[in-house]
Number of protein chains: 10
Amino acid sequence: MIYLVRMDVNLPADMPAEEAGRIKAVEKEYSQTLQRQGKWAGIWRVVGEYANYSIFDVDSNDELHEILSGLPLFPYMDIEVIPLAKHPSDIR
Amino acid sequence: MIYLVRMDVNLPADMPAEEAGRIKAVEKEYSQTLQRQGKWAGIWRVVGEYANYSIFDVDSNDELHEILSGLPLFPYMDIEVIPLAKHPSDIR
Amino acid sequence: MIYLVRMDVNLPADMPAEEAGRIKAVEKEYSQTLQRQGKWAGIWRVVGEYANYSIFDVDSNDELHEILSGLPLFPYMDIEVIPLAKHPSDIR
Amino acid sequence: MIYLVRMDVNLPADMPAEEAGRIKAVEKEYSQTLQRQGKWAGIWRVVGEYANYSIFDVDSNDELHEILSGLPLFPYMDIEVIPLAKHPSDIR
Amino acid sequence: MIYLVRMDVNLPADMPAEEAGRIKAVEKEYSQTLQRQGKWAGIWRVVGEYANYSIFDVDSNDELHEILSGLPLFPYMDIEVIPLAKHPSDIR
Amino acid sequence: MIYLVRMDVNLPADMPAEEAGRIKAVEKEYSQTLQRQGKWAGIWRVVGEYANYSIFDVDSNDELHEILSGLPLFPYMDIEVIPLAKHPSDIR
Amino acid sequence: MIYLVRMDVNLPADMPAEEAGRIKAVEKEYSQTLQRQGKWAGIWRVVGEYANYSIFDVDSNDELHEILSGLPLFPYMDIEVIPLAKHPSDIR
Amino acid sequence: MIYLVRMDVNLPADMPAEEAGRIKAVEKEYSQTLQRQGKWAGIWRVVGEYANYSIFDVDSNDELHEILSGLPLFPYMDIEVIPLAKHPSDIR
Amino acid sequence: MIYLVRMDVNLPADMPAEEAGRIKAVEKEYSQTLQRQGKWAGIWRVVGEYANYSIFDVDSNDELHEILSGLPLFPYMDIEVIPLAKHPSDIR
Amino acid sequence: MIYLVRMDVNLPADMPAEEAGRIKAVEKEYSQTLQRQGKWAGIWRVVGEYANYSIFDVDSNDELHEILSGLPLFPYMDIEVIPLAKHPSDIR
């Protein structure tokens, strides 16, 4: 089941660079593990913003919430979720 | 080069069903041709709305505008374009 | 899987009363059939508006879109879909 | 009398984890007591957000405000209240 | 139970003056009957707009919706309902 | 002359409880003095929010601004003012 | 008493040019009479829009509403009214 | 003096193609004359929309309004004007 | 050349009263000097808000930006600028 | 390939003046280097705001994101990117 997700990251201005770097490294690994499992089916940077659009392919609303709320950057993110369905013109 | 595009379709209430059907058929063919060329890289229906989110993979802003303004449904659409860049966590 | 859905109805001012009545009757039957199946788990009128909030319990994004786009009033509705997950404080 | 309520939680970034944990525990008990009384008739997590949609079944606007303003997390919440009425298609 | 209600009226530009006059007369009588019953507790014109803010004092969400949806101008109105509670500083 | 006023209160999270209590006590007295003078003609709590809707009956824009800017909570409030006029359907 | 007023004009696309011209001429005379009386204290065109910002100097909310709702173009306008007070830095 | 201007064009759905074509041709000539005079200093299509962003270099607010309100498509446009000043980092 | 300008002031909650008083005094003098020069042609308080609407009469966009960015309160303000032109109904 | 970019700068109120000055100096040099390369094709101050509108002429979405995310002020900016295409009326 497919969802489009937009994530905007807002790190506190006073977070030490070292801590920010550590969180981002864990975030990257978390994301790449899910990409390899096929659950995080796509991720792109929004040009000019500290934000991304992602495609998720998961089994349920609950699984998606578990994944998103487990993101290391979750406390610093605004997240918008748009449920998607198969389009009649899709050739795949 | 990747773009996320949202298209909302608003057909006039008084458009004859036959004309609407004809335009949608041409639209479908137009979309599928571009999908087969790899330029229209993904298309999904927004759940509950006469709208879609699509991924385009084209060479330039100008090529994208040419494709979108050539859509048979273009006069009846609100279109939003979001330019995307490679994300550092992307494994592909 | 649970979704909150808001539907705002905008019938054209020039739709004959008879046609409006007929569509609403079919809409009511359509809704009640789905309520009896347990898929349309709740429906309430928004006070002061020709709109409703509903709870749907379906198997997938695709099933929900099929249900919503099949509504007799679908061409006259603005629909917003919010995917929901189990809340940790829920006692059920 | 039925109300749809959306609650968005914004804990201060500098709240100690222990204090946050304690407030959330009291909040959970507060919510579950009201759920057992039938006043808090439903609660769901909004996918991807630290927020919930809830259904309340209370006797008056005043009772609802008393319940909501008594929430342990009330000082950290944005709350939206939508009064609902019986829908003519409701089969219950 | 108290509610603040804002009503914005949008009569179709092509409604004959006679019909508009007739509807407004019925609307006025409908409003004044409810004012005399104490249910429509206050009504004021928004300066510069074809709109009003009103205070209603009714027994339930359902009664308020019955009143509002029965307004002769209801099909031509945008209505916003804000449920109110007793304020601790109120001297009445 | 009548005005509808909405006030949203945002106390800083780090204001000591004692200071908050003191300001609120002065605010209450300030409000009740004006209510007894007939200038603050009505006040209601917005359900679920630290906010109120109030009706003011004053002689001029300047008098209203003097009253509002003199509120002890003024530095912590967002205030919206809507000038009202007599409604032709008003029976009073 | 001073008010800032913004008026946006939206004439129907199918209004005959002659009728539009006639209404605008009456509107101009109506405006200039009030300007000569000192009640319509200023009027400026918003660059690039069929809209104006105006300053009114009237005795009450009711007088302002009477003036605005009497505008020949009133049925085709969106009007926003902002009540103003004397500014402590004003040298006049 | 520099201004950024965004123009969104909304031609009525029932405008005959011939009339639309004629207006667009006059519009193009009008624009190109001003471009040659250096007053319309830049024009770009917004990707995916029937809209443009333009740079104007004119002597005054009044001259800009005269130019914009003289556009053949003016009655069908939403126009937004943003006044610009020299930027301290500008190398020109 | 005429501009309408709205300024909203947001002083930090922790700015010492003495510093705030000093800045406001300099601001007042700055404003009154420009009023006496005829450049700051009008200033009014927005009722209920720490904000003003002002009319400026200056020679260019650049002069207006120089004036506004030189305001002692500029770092604490949200400013909106609306360029105005002569209105055909203006009698002056 | 052309893009319109709006940048709003929000420096923290407690950033030492010396640090702010240093960042702005680096920012200016960064911008002017790109202007000399022809990639940053235009930059203007928004009148009354700490913001700019800029025109970029780059080879791809990725190059634009690299440039923008490399801005010394990037962590303190809200950035909006609008992809542009050649306009049929453009004489260049």
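Scope of this entry: the structure provided in the associated data block. Predicted model, so just to flag it, every value in this text is computed and none were measured.

So, how was this worked out
- Residues numbered from 1 in each chain as written.
- Chains lettered and ligands numbered in written order.
- Predicted model: local features only at pLDDT ≥ 70, side-chain atom pairs only at ≥ 80, totals over all residues.
- Heavy atoms only, no water.
- Contact = heavy atoms within 4.5 Å.
- Buried area = accessible area lost by both parts, 1.4 Å probe.
- Salt bridge = Lys/Arg side-chain N within 4 Å of Asp/Glu carboxyl O.
- Polar contact = N/O pair within 3.5 Å; in protein donor to acceptor, adjacent residues only side chain to side chain.
- Helix = DSSP H or I, 4+ residues; strand = E, 2+ residues; numbered from the N terminus.
- Nonpolar A, V, L, I, M, F, W, Y, C, P; charged D, E, K, R; others polar.
- Least-squares fit on C-alpha atoms with pLDDT ≥ 70 in both.
- Pairing = 2+ DSSP bridges.

### Some remarks on the interface of chain C and chain B
Step number 1: The interface of chain C with chain B comprises seven residues on the first partner and six residues on the second.
Step number 2: Here chain C and chain B share an interface that buries about 530 Å² over both sides, 70% of which is from carbon and sulfur atoms.
Step number 3: Per-residue buried area on chain C facing chain B is highest for His65, Phe74 and Ile79 of chain C; these three make up 64% of the total on that side.
Step number 4: If you look at where chain C meets chain B, you find zero salt bridges.
Step number 5: Run the count over chain C and chain B and you get one residue pair in polar contact (both at pLDDT 80 or more).
Step number 6: At the level of elements, helix H2 (61-69) and strand S4 (77-86) of chain C are the ones that each hand at least two residues to the side of chain C that touches chain B.
Step number 7: Considering only residue class, the side of chain C that touches chain B consists of five nonpolar, two polar and no charged.

### Concerning the relation of the copies chain C and chain B
Step number 1: Take chain C, turn it by 72°, move it 0.0 Å along the axis, and it overlays chain B with an RMSD of 0.0 Å. Expressed as an axis order, the relation between the two copies is that of a five-fold axis.

### Here's the deal with the relation of the copies chain B and chain A
Step number 1: Each copy of the sequence occupies a distinct position, and chain B is placed on chain A by a rotation of 180° and an axial shift of 0.0 Å, giving an RMSD of 0.0 Å. What we have between these two chains is a two-fold relation.
Step number 2: An overlap of 100% is found between the interface residues of chain B and their copies at the interface of chain A, pointing to a shared contact surface.

### Here we look at the interface of chain B and chain A
Step number 1: If you look at the interface, chain B gives 28 residues, while chain A gives 28 residues.
Step number 2: For the chain B and chain A pair, buried surface summed over both sides reaches about 2,600 Å², with 64% attributable to carbon and sulfur atoms.
Step number 3: Along the contact surface separating chain B from chain A lie zero salt bridges.
Step number 4: If you look at where chain B meets chain A, you find 12 residue pairs in polar contact (both at pLDDT 80 or more).
Step number 5: Every element with two or more residues in the side of chain B that touches chain A is listed here: strand S1 (2-9), helix H1 (17-36), strand S2 (40-46), strand S3 (51-57) and strand S4 (77-86) of chain B.
Step number 6: The greatest single-element share of the side of chain B that touches chain A, amounting to six residues, is contributed by S2 of chain B.
Step number 7: Of the residues that constitute the side of chain B that touches chain A, the class distribution is 15 nonpolar, seven polar and six charged.
Step number 8: In the sheet, strand S2 (residues 40-46) of chain A pairs with S4 of chain B via three bridges, with the strands oriented antiparallel. Paired with Arg45 of chain A across the two strands is Ala85 of chain B, which belongs to S4 of chain B.

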